Amino acid sequence: MTSADEYRIQAAVLAAEARDERHATVRQELLRLSKLYLRLAEQADKNSRLDVGYEPPLRISPAS
């Protein structure tokens, strides 16, 4: 399971909790968090498609 999948699962859990929540303020916060997890999932998907390599900086010997 990818991190994007895990974020989507957490978003669904939060959305389900929001549906059962009686207090409007808490419900709104749970929905807000659910949306943030969906954004994290989208970003994780984008990141997984990137081919990023790290190249250390060149070491320059001090002049003699």
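Preceding this paragraph is the structure being described.
Residues numbered from 1 in each chain as written. Predicted model: local features only at pLDDT ≥ 70, side-chain atom pairs only at ≥ 80, totals over all residues. Heavy atoms only, no water.

Undergrad: Would you mind showing me how to read helix α2 (residues 24-49) here?
TA: Along an α-helix, residues three or four positions apart point the same way, because every turn accommodates 3.6 residues. An ideal rise of 1.5 Å per residue puts 38 Å on 26 residues; α2 measures up with 38 Å between its terminal C-alpha atoms. Within the span of α2, buried status applies to Leu30, Ser34, Ala41 and Ala44. The secondary structure elements touched by the buried residues of α2 are α1 (3-20). (Helix = DSSP H or I, 4+ residues; strand = E, 2+ residues; numbered from the N terminus. Expected span 1.5 Å × (residues − 1). Buried < 20%, exposed > 50% of the residue type's maximum accessible area, 1.4 Å probe, protein only. Contact = heavy atoms within 4.5 Å.)

Undergrad: I would appreciate a short explanation of the pattern of salt bridges in the present structure.
TA: Side chains that differ in sign of charge can pair as their charged atoms come close. Overall, the coordinates contain two salt bridges when judged by the stated rule. Across the salt bridge formed by Arg32 and Glu29, the nearest N and O atoms sit 2.6 Å from each other. Placement of both Arg32 and Glu29 in helix α2 is noted, with a separation of three residues, approximately one turn of the helix. Under the relative-accessibility criterion, Arg32 is labelled partly exposed at 41%. (Salt bridge = Lys/Arg side-chain N within 4 Å of Asp/Glu carboxyl O.)

Undergrad: Quick question: what am I supposed to make of the packing of aromatic side chains here?
TA: Remark: the centre distance and the inter-plane angle together describe each pair of aromatic rings, the angle taken between the planes. All told, the structure shown has one aromatic pair when counted by the stated rule. Ring geometry for Tyr7 versus Tyr37: centroids 6.1 Å apart, planes at 50 degrees, classification tilted. Within this pair, whereas Tyr7 is found in helix α1, its partner Tyr37 is found in helix α2, the two being separated by 30 residues in sequence. For Tyr7, a relative accessible area of 28% corresponds to the partly exposed category. (Phe/Tyr/Trp six-rings, centres within 6.5 Å; stacked < 30°, edge-to-face > 60°.)

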